[in-house]
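# Coordinate inspection notes
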Amino acid sequence: MFKFLRGVVAGSGSGVKDLPYNIGEPYSSAWGSWTHHRGTSKEDGSPVSIFSLSGSSAQDGHLAAGRNGVKRLRTVRHPNILSFLNSAEVEIVDGAMKKVTIYMVTEPVMPLSEKIKELGLDGKQRDEYYAWGLHQIAKAVSFLNNDCRLVHANVCLESVVVTQTLDWKLHAFDVLSEFDGRTEASGGTMLQYSWLVGAQYKPMELAKSDWASISNSPLWAIDSWGMGCLIYELFSATRLMKTEDLRNTASIPKALLPDYQRLLSSMPSKRMNTSKLIENSEYFQNKLVDTIQFMEVLSLKDSVEKDNFFRKLPNLAELLPRPIVLKKILPLLASALEFGSAAAPALTALLKMGSWLPTEEFSVKVLPIVVKLFSSNDRAIRVALLQHIDQFGDSLSAQVVDEQVYPHVANGFSDASAFLRELTLKSILVLAPKLSHRTISASLLKYLSKLQVDEEPAIRTNTTILLGNIASYLNEG
């Protein structure tokens, strides 16, 4: 049951009464002193995440850092950084007590630790998914360090959340700071709020607030250390309790171990830049990472590359983690087909993946794309649809068949290609039960009468057979 809040503005921005979201149940974990709630939009019920942070007064140190985090998340945009939607700061009266609370609304996400438990992956599939997730976080950290000259200062398991498409995103920007290495003021936020970072996550220079060492180190040094902490927590399946635990490498994959050790070098100047981690690490070279990366740059691939990729995809999908196939790869594939960047062989992969969905999800996520493809001018797409119509025909409603599918299928009756005419004829066995009597009498029978005198003997024979099979529908009405 949703909790509705009453608040008054205690600072800039709108109050909770104007925030168009409902706050739901909290997750069991979140970064720092924040609480991570499930939420929904009051307008359309769509899911969101709502993060809340409370303090006893507007001057509370946690709130000051929280404001920095909200400001930074609002202004820093990247595909692997949590997407900001809205925020408010309010004063809430609870009996005789007053407290100031910051609310930050983002795209719907779940704490990484909880999503890992929910997925329950193991073995090779777990490693492939972890490789994809670490690849995404490494790109986010590299973007902050190398493109924006910003330092996150607390990359760890709790600073990572997972989207509905199972992508990993970086957040928890409370300590994030500019850094140019020349003046202590440039890293002021990081040093000012470094007390928010657990001692176990701090490299020696940050633990000592040693500005001289920090300023003489590469900008990425602190966050590279954080990447090492994240890797440790991920594979050990435990929260890092003390810095010394990072030396325990028993759970770290062998392919990742050399880079893990470079990230955690005791000498800041020798720590690996996360951009190099992405480029060099053997660990990121696996089928899942390669498949998703290919799909994300599909528009840049030539027709031969696409054709080869999509012909292999149905069998490849069998080997990949099923949740990632359905929540990440399937939507990418559906979008590529819908907007024309995927070749006809992609339809086979779409329907195979779609067959793994519950009937209701198939009708929402796959069927509308298939119906839209019937209007395509690409002959290869039209052929593929007719060849596979038995896989989805039963899921089509009578209205959709009569109004959106049949008018396009009917063009195949008079196509110059005998192969397409015959496929069109065979498809009617699936579609006829859902056609209206008016469509059958005014359109279908006219086409079939022409096919009875087609130049191809096989088509003439199959037309006669089809008429016998659908005779009961011809007499209705």
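Bear in mind the structure is a predicted one, so any value in this text is a computation, not a measurement. (Residues numbered from 1 in each chain as written. Predicted model: local features only at pLDDT ≥ 70, side-chain atom pairs only at ≥ 80, totals over all residues. Heavy atoms only, no water.)

This brings us to helix H11 (residues 303-319). Across its 17 residues, H11 extends 25 Å between first and last C-alpha, which sits within 8% of the 24 Å expected from 1.5 Å per residue. Maximum bend of H11: about 50°, positioned at Leu313, with proline Pro314 one to four residues after it. For H11, the complete set of buried residues consists of Lys306, Phe309, Phe310, Leu313, Pro314, Leu316 and Ala317. Close packing links the buried residues of H11 with helix H10 (287-296), helix H12 (322-338) and helix H13 (346-354). (Helix = DSSP H or I, 4+ residues; strand = E, 2+ residues; numbered from the N terminus. Expected span 1.5 Å × (residues − 1). Bend = angle between axes of the 7 residues up to and from the residue. Buried < 20%, exposed > 50% of the residue type's maximum accessible area, 1.4 Å probe, protein only. Contact = heavy atoms within 4.5 Å.)

A side chain with one charge can pair with a side chain of the opposite charge if their charged atoms come near. One pass over the full model with this rule turns up 20 salt bridges. One salt bridge in this structure joins Lys169 and Glu107, with 2.9 Å as the shortest N-O distance. Taken together, the positions of Lys169 in strand E10 (residues 168-170) and Glu107 in the loop between strand E6 (97-106) and strand E7 (109-111) put the pair 62 residues apart, joining distant regions of the chain. One salt bridge in this structure joins Asp245 and Lys242, with 3.1 Å as the shortest N-O distance. In this structure Asp245 comes out as buried when scored by relative accessible area, which is 18%. Within this structure, Asp167, Glu296 and Lys328 form a network of salt bridges that share partners. (Salt bridge = Lys/Arg side-chain N within 4 Å of Asp/Glu carboxyl O.)

What follows deals with the side chain of Lys115. Along the polypeptide, Lys115 turns up in helix H2 (residues 112-119). At a separation of 2.6 Å, a polar atom in the side chain of Lys115 contacts the side chain of Glu118. The contacts of Lys115, once residues within four sequence positions are left out, are Met110, Val162 and Leu166. (Polar contact = N/O pair within 3.5 Å; in protein donor to acceptor, adjacent residues only side chain to side chain.)

In this section: unusual backbone geometry. The phi dihedral of Ala153 is positive, around 80°, even though this residue is not glycine. Note on placement: Ala153 falls in the loop between strand E8 (150-151) and strand E9 (160-163). We classify Ala153 as buried; its relative accessible area is 5%. Despite not being glycine, Ala172 has its phi angle at roughly 60°, a positive value.

No statement about biological role is implied by the geometric values presented.
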